[in-house]
Amino acid sequence: MSATATIEAHKDSVTPAAQPQAYHIEAKGLNKAFGKVKALEDINFGIRNQEFVSVLGPSGCGKSTLLRIIAGLIPYESGAATVKGEAIHSPRPDIGVVFQTNNMLPWFTVRKNVELGARIRKMPAQARDQAVDKVLEVLSLSKFADAYPHQLSGGMRQRASIGQALVLDPPILLMDEPFGALDALTRDKLNVELLRIWQEHRKTVMLITHSIAEAVFLSDRVLVMADRPGKIIEEVVIDLPRPRDAAATRALPQFGEYVAYLGKIMGVTS
Ligand SMILES: Nc1ncnc2c1ncn2[C@@H]1O[C@H](COP(=O)(O)OP(=O)(O)OP(=O)(O)O)[C@@H](O)[C@H]1O
């Protein structure tokens, strides 16, 4: 079987109809418009418990809009969006969100920034301190707990904003281009760190990215969107062995085949 045929076969085997199963995150016939702009049209997808799913697509196709709806940050017109079977109307404590531009408050230290969510949720002080210590350790930021955001590198600031999302240990993590503003080397390193965290503390992840290689390296499945109006045009299962190691995984012939296949769907050559 050729590489493309293999990818096609996997794609077919994972359509929601073929594997009826409760989804952690689900959208059915979801529509969203901003005035006359149809940002999303008839969006249908599901993400299973502890599955890592990336969303790829051209600029303006509605990726961020979709993530913001799932995060409960903006409303939608029609269709359904659910988390654990419950309709989404507002932000939930079991969902952590990371954005491209970090939400760090410049006058707070890393520790104070990371503990914000726990304070807002009124977590008792002792449990909060333990949770923050654990998150800082997981993200290799313990030594920088008392530093201020301007004293950190761009990569460290993004790690700290992932910490802000992780402090409540949410089972669901939504990430909107979290590494988009970073240089390629830092981005690669954070991909490896994110994968390590996900492998150790399994979460249901929805990652928005512009990087095909990042999506293939990290994901169980990749959803591809197209624009005008924004819709999902393809779903590809990334059947690469786990645990994944940066060098070994990227050296696999299948890795290059997935990257090439997704590039072809998206109309790019690399
Ligand atoms: N608050 C808003 N008001 C009006 N139009 C909006 C708003 N937010 C998004 N849009 C429009 O909806 C469409 C989808 O935008 P969205 O930001 O979701 O795309 P995207 O795929 O995330 O883009 P990018 O990859 O550039 O971040 C675009 O046409 C955008 O201009």
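All values reported here derive from a predicted model rather than from experimental measurement.

1. Some remarks on the domain arrangement of the protein
Right, on to step 1. As far as domains go, the protein holds domain 1 (1–94 + 172–270) and domain 2 (95–170).
Right, on to step 2. Each of domain 1 and domain 2 has a C-alpha centre, and these two points are 25 Å apart.
Right, on to step 3. Listed by partner, the interface residues are 21 residues for domain 1 and 17 residues for domain 2.
Right, on to step 4. Looking at the side of domain 1 that touches domain 2, the elements with two or more residues in it are β7 (172–176) and α6 (184–200).
Right, on to step 5. Counting residues per element, the side of domain 1 that touches domain 2 draws most heavily on β7, at five residues.
Right, on to step 6. Looking at the side of domain 1 that touches domain 2 residue by residue, the class counts come to 14 nonpolar, two polar and five charged.

2. Focus: the pairing of strand β8 (residues 204–208)
Right, on to step 1. The buried count for β8 comes to five of five residues, which makes it a mostly enclosed element.
Right, on to step 2. Of the two faces of β8, the one carrying T204, M206 and I208 and the one carrying V205 and L207 are both buried.
Right, on to step 3. Where strand β3 (residues 52–56) lies against β8, four bridges are found, and the strand directions are parallel. Its bridge partner lying in β8, S54 is registered against L207.
Right, on to step 4. Sheet topology places β7 next to β8; five bridges connect them, and they run parallel. Its bridge partner being in β8, L174 is matched across the sheet by M206.
Right, on to step 5. Where the polypeptide runs from β7 across α6 and back to β8, its parallel neighbour, the crossover connection is right-handed.

3. Some thoughts on the nonpolar core
Right, on to step 1. Counting residues in hydrophobic clusters, the biggest one holds 69 residues, and the most contacted among them are I70, L174, M206, V216, V222, L223 and L262.
Right, on to step 2. By residue number, the principal contributor to this core is helix α7 (residues 212–218), which donates six residues.
Right, on to step 3. Counting only domains with at least three residues in this core, you end up with domain 1 (1–94 + 172–270) and domain 2 (95–170).
Right, on to step 4. If we skip the residues at most four places from it in the chain, M206 touches I25, I47, V53, V55, L67, I70 and L174.

4. Observations regarding the sheet that holds strand β5 (residues 86–87)
Right, on to step 1. Taken together, four strands build an open sheet; the order of strands is β2-β1-β4-β5 and the sheet is antiparallel. Where the open sheet ends on each side, the last strands, each with one partner, are β2 (37–47) and β5.
Right, on to step 2. Running at roughly 60° to β2, helix α2 (residues 63–70) makes contact with β1 (25–34), β2 and β4 (78–83) of the sheet.

5. With respect to helix α4 (residues 125–138)
Right, on to step 1. Taking 1.5 Å as the rise per residue, α4 with 14 residues should run 20 Å; its terminal C-alpha atoms sit 20 Å apart, in good agreement.
Right, on to step 2. Check the buried side of α4 and you find it contacts α3 (110–120) and α5 (154–166).

6. As for the site of the ligand
Right, on to step 1. Neighbouring the ligand are F34, V37, A39, G57, S59, G60, C61, G62, K63, S64, T65 and G230.
Right, on to step 2. Broken down by element, the residue count for the shell around the ligand peaks at three residues, all from α2.
Right, on to step 3. Residue composition of the shell around the ligand, grouped by class: four nonpolar, seven polar and one charged.

7. Some details on the environment of R196
Right, on to step 1. Mapped onto the elements, R196 comes out in helix α6.
Right, on to step 2. Its 13 C-beta neighbours within 10 Å are what place R196 among the partly exposed residues.
Right, on to step 3. Distance from R196 to G230, taken between C-alpha atoms, is 32 Å for residues 34 residues apart in sequence.

8. Focus: unusual backbone geometry
Right, on to step 1. Across the junction of R228 and P229, the peptide omega takes the value -10°, indicating a cis bond.
Right, on to step 2. Tracing the sequence through the fold places P229 in the loop between β9 (221–226) and β10 (231–237).
Right, on to step 3. The amide bond that connects R242 to the next residue, P243, takes the cis arrangement and shows omega of 0°.
Right, on to step 4. Within the secondary structure layout, P243 lies in the loop between β10 and α8 (246–251).

Criteria and cut-off values
- Residues numbered from 1 in each chain as written.
- Predicted model: local features only at pLDDT ≥ 70, side-chain atom pairs only at ≥ 80, totals over all residues.
- Domains from an automatic or database assignment.
- Contact = placed C-beta atoms within 7 Å.
- Helix = DSSP H or I, 4+ residues; strand = E, 2+ residues; numbered from the N terminus.
- Nonpolar A, V, L, I, M, F, W, Y, C, P; charged D, E, K, R; others polar.
- Buried ≥ 20, exposed ≤ 12 C-beta atoms within 10 Å, placed from the backbone.
- Pairing = 2+ DSSP bridges.
- Right-handed = clockwise from strand over helix to strand, strands pointing away.
- Core = buried A, V, L, I, M, F, W, Y, C linked by C-beta atoms within 7 Å.
- Axes fitted to C-alpha atoms, helices over the stretch in contact; angles between N-to-C directions.
- Expected span 1.5 Å × (residues − 1).
- Near = placed C-beta within 6 Å.

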